[in-house]
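One letter stands for each residue in the lines below.
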Amino acid sequence: MSSLRRLLLVFAVASSACDRAPVESAPTRVDVRPRRLTHDEFDNTVRDLLGTDRRIAATFPEQPRGLGFDNIESLQTSSPDDVLRYESATETLAREAIAGPLACRDTAEACLDALLDDVVPRAWRRPLRADERDRLQTLHATLLAEGLRDDEARAGVLQAVLLSPAFLHRIEVDPQYEMASRLSYFLWSSMPDEGLFDAAAEGVLHDPATIESQVERMLDDPRASALVERFAGQWLHFRALDDVFKDHSRFPSFDDALRDSMRDELDRYFASFIHDDRDLRELLTADTTTVDHAVLQLYGVASAPFEGTRPLDLAGLPRRGLLTIPGMMTLLARPFRTAPVKRGAWVLSQLLCEPPPPPPDGVEGLGETVDGDTVRERLAQHREDPACASCHDAIDPLGLAFESYDALGRWRPSEDGFPIDPSGVLPDGTRFADAVELSAYLANSEAFLECAARQLMTYALGRELADADEAELQDVVSDWREAGFRTRALFVLIARTRAFRGVP
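Residues numbered from 1 in each chain as written. Predicted model: local features only at pLDDT ≥ 70, side-chain atom pairs only at ≥ 80, totals over all residues. Heavy atoms only, no water.

1. Some remarks on unusual backbone geometry
Even without being a glycine, arginine 125 presents a positive backbone phi close to 60°. By secondary structure assignment, the location of arginine 125 is in the loop between α4 (108-124) and α5 (130-145). Of note in the backbone geometry, aspartate 416 takes a positive phi value of approximately 50° without being a glycine. With respect to the element layout, aspartate 416 can be found in the loop between β5 (414-415) and β6 (418-419). (Helix = DSSP H or I, 4+ residues; strand = E, 2+ residues; numbered from the N terminus.)

2. Concerning the layout of surface pockets
In this model, the largest pocket occupies a volume close to 540 Å³. As for the largest pocket, its lining consists of 21 residues, and the residues nearest its centre are Asp40, Glu62, Asp70, Glu229 and Arg239. Split into classes, the residues belonging to the lining of the largest pocket amount to 5 nonpolar, 5 polar and 11 charged. (1 Å grid on protein atoms, 1.4 Å probe; cavity = no way out; pocket = protein on both sides within 12 Å on 5 of 7 lines; lining within 4 Å. Points joined across faces, edges and corners; volume = space filled by probe spheres on them. Nonpolar A, V, L, I, M, F, W, Y, C, P; charged D, E, K, R; others polar.)

3. As for α5
The first and last C-alpha atoms of α5 sit 23 Å apart over 16 residues, in line with the 22 Å expected at 1.5 Å per residue. Within α5, burial applies to Glu132, Leu136, Leu139, His140 and Leu143. Take α5 and look down its axis: the buried residues cluster within an arc of 100°, on one side only. Projecting away from the buried face of α5 at angles above 90 degrees are the exposed residues Ala130 and Ala145. (Expected span 1.5 Å × (residues − 1). Buried < 20%, exposed > 50% of the residue type's maximum accessible area, 1.4 Å probe, protein only. Arc of directions from axis to C-beta.)

4. Looking at the nonpolar core
Grouped together as the largest cluster of nonpolar side chains are 139 residues, with contacts concentrated most on Leu283 and Leu322. What leucine 322 contacts, discounting residues up to four positions off in sequence, is Leu236, Phe238, Leu266, Tyr269, Leu283, Leu284, Met328 and Trp346. (Core = buried A, V, L, I, M, F, W, Y, C linked by side-chain atoms within 4.5 Å. Contact = heavy atoms within 4.5 Å.)

5. A closer look at the packing of helix α10 (residues 208-219) against helix α21 (residues 487-495)
Where α10 meets α21, the closest approach of the two axes is 9 Å, and the angle between their N-to-C directions is 135°. Viewed along their axes, α10 and α21 adopt a mutual orientation that is oblique. In this structure, α10 crosses over α21, and the sense of that crossing is right-handed. Contacts from Ile211, Glu212, Val215, Glu216 and Leu219 of α10 reach α21 at Arg488, Phe491, Val492 and Ala495. Taken together, the residues of the contact of α10 with α21 sort by class into 6 nonpolar, no polar and 3 charged. (Axes fitted to C-alpha atoms, helices over the stretch in contact; angles between N-to-C directions. Parallel < 35°, antiparallel > 145°, perpendicular 65-115°, else oblique. Left-handed = near helix turned anticlockwise from the far one by under 90°.)

6. A short note on the packing of helix α8 (residues 175-187) against α21
Between α8 and α21, the least distance of the axes is 12 Å, while the angle of their chain directions is 150°. If you check the angle between α8 and α21, you find them roughly antiparallel. Relative to α21, α8 is oriented so that their crossing is right-handed. From α8, Met179, Leu183, Phe186 and Leu187 reach across to α21, where they touch Phe491, Ile494 and Ala495. Along the lines of polarity and charge, the residues of the contact of α8 with α21 split into 7 nonpolar, no polar and no charged.

7. Description of the pattern of salt bridges
Inspection of every chain in the model, using the stated rule, returns 39 salt bridges. Measuring nitrogen to oxygen at the nearest pair gives 3.8 Å for the salt bridge that ties aspartate 193 to arginine 223. You can see aspartate 193 sitting in the loop between α8 and α9 (194-202) and its partner arginine 223 sitting in the loop between α10 and α11 (226-235), a full 30 residues away along the chain. Salt bridges linked by common partners bring Asp40, Glu41, Asp43, Arg55, Asp70, Glu229, Arg230, Arg239, Asp242, Arg263 and Asp267 together as one network. (Salt bridge = Lys/Arg side-chain N within 4 Å of Asp/Glu carboxyl O.)

8. Notes on the environment of serine 249
Checked against the element boundaries, serine 249 lands in the loop between α11 and α12 (256-275). On the basis of relative accessibility, which here comes to 64%, the residue serine 249 falls in the exposed class. In the structure, serine 249 is positioned 87 residues away from phenylalanine 336 in sequence and 9.2 Å away in space, judged by C-alpha atoms. Side chain to side chain, serine 249 and aspartate 247 meet in a polar contact 2.5 Å long. (Polar contact = N/O pair within 3.5 Å; in protein donor to acceptor, adjacent residues only side chain to side chain.)

9. Looking at empty space enclosed by the protein
Applying the stated criterion across every chain, the model contains 3 cavities of 30 Å³ or more. By volume, the largest cavity amounts to about 150 Å³. The wall of the largest cavity is formed by 14 residues, among which Trp124, Arg125, Ile171, Glu172 and Ser181 lie closest to the centre. Of all the secondary structure elements, the ones that give two or more residues to the lining of the largest cavity are β2 (169-170) and α8. Among the elements that take part in the lining of the largest cavity, α8 stands out by supplying 3 residues, more than any other. Across the lining of the largest cavity, the residue classes tally to 5 nonpolar, 2 polar and 7 charged. In this model, the second largest cavity occupies a volume close to 60 Å³. Residue lining of the second largest cavity: Phe231, Trp235, Phe270, Leu280, Ala452, Leu456, Thr487, Leu490 and Phe491, and that is the complete set. Every element with two or more residues in the lining of the second largest cavity is listed here: α11, α19 (446-461) and α21. Of the residues forming the lining of the second largest cavity, the biggest block, 3 residues, is contributed by α21.

10. Considering the packing of aromatic side chains
This model, assessed by the stated rule, comprises 14 aromatic pairs. Judged by centre distance (5.4 Å) and plane angle (70°), the rings of tyrosine 269 and phenylalanine 273 are edge-to-face. Residue tyrosine 269 and its partner phenylalanine 273 are both found in helix α12; the two are separated by 4 residues, about one turn of the helix. Each member of the pair, tyrosine 269 together with phenylalanine 273, is buried. (Phe/Tyr/Trp six-rings, centres within 6.5 Å; stacked < 30°, edge-to-face > 60°.)

11. Description of α4
When the terminal C-alpha atoms of α4 are compared, their 23 Å separation across 17 residues agrees well with the 24 Å that a helix rising 1.5 Å per residue should span. The largest bend along α4 reaches roughly 30° and is located at leucine 116. Three or more residues of α4 are buried, namely Cys111, Leu112, Leu115, Leu116, Val119, Val120, Pro121, Ala123 and Trp124. Contact partners of the buried residues in α4: α2 (39-50), α5, α6 (150-163), α7 (165-168) and α9. Phi for arginine 125, located one or two positions after α4, is positive at around 60°. (Bend = angle between axes of the 7 residues up to and from the residue.)

12. Notes on the environment of leucine 408
Within the fold, leucine 408 resides in the loop between α17 (386-400) and β5. Of the residues examined, leucine 408 reaches a relative accessible area of 0% and is grouped as buried. Separated by 77 residues in sequence, leucine 408 and leucine 331 place their C-alpha atoms 8.4 Å apart. What leucine 408 contacts, discounting residues up to four positions off in sequence, is Lys246, Phe251, Ser253, Phe254, Met262, Leu298, Pro326 and Thr330.

Functional significance is not addressed by these values, which are geometric in nature.
Structure (structure tokens):
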């Protein structure tokens, strides 16, 4: 390792001693472990900090997921290989930023002051302390003494800043600035903006009215699109659609372009609940969506080709809400056929927070082909095994409700000449005629509403809910009911919990 690389790494690691300095004015609060930025959070933060469009962390190995999300604090560990990746990434980012968005034509001293006064506090998401400023100035002088030009020395200082645990990790030492970061990484998956920094400096970020106004403001910002990609994309598995493939001989119309159109429809659909503050129960019952021409054909609606997207009224169609959107049905299907078990298990896990246990050893699922008997009949035979019945009695009625939608989400009344029966009876005795009736039942169930709140609270906290959190969750659901289950109200209520604010 060269002396300069060693110097930068030693400085970056040593900065962690200062990062944990206590704040005497901090109120009593829950001790939160530092958590490393996820790949998306890293890329979004350098975008907002340095003005770059690079998605450099997207090239890193896939992150582990827990509780359905990749931002769970217990999984945000770093290995020696991670350190090397960050070293290479930050070197590139720092060099390009100093040559581009952060280029300075002033004196060397003024350029360094601009970096220390404007960039570093935002990078570390808190004010820079006097001793830290001194150390950065010393590093700059040392790099110059090593023979580097001024711009190269400033790039070295910036790289050390980006390699510091104060940048790579969310280290909470000041209650106001940590609240700014909690809000920004919850709603934007990125660093705080000037509005949050100003509120933190004024000491008002734990005031309930301020939290509400900040959340509302942030949800109106384009950066809130991160909630679609990161929260909805993981909770509802939209992200997984990117990896779906279909047997070309059976589904020749399925290609990358159609997959992208499906993903766009799902993203727009969920985004509308945030932008328009819709009742989240409508996620499963809405009678409108927005489609392009490629997806419209899957709905069986005749139309001349058109550019862009347009609203689609589902009245008169056998569809309502998320669960009958073609992209969702495509995602929850196999390459060769539909997958009622997969669809039913997804409803239990993601919408009701009641994931079925894994199948017993030695028990085989349905094959990829269906010959003779209908899928409903074959599943009934499957349930004759007592080892299978305990789970499939809950899974199968949910999954079979969607058999009228093929592996591309196209509606069909029959399969291989056999009429499809989408009706069912749930374990509690509730009867439904089809997927539309089932969706309406699920949307108004306490289980769905509590599960939606639980999923968002888990994502917001980045950890498993503790016993004390469970009590707050019930309060959130109760207050959310008073707010008519408006989507934005749920974000506000969770941001105002003691768990999110980090106080006991």
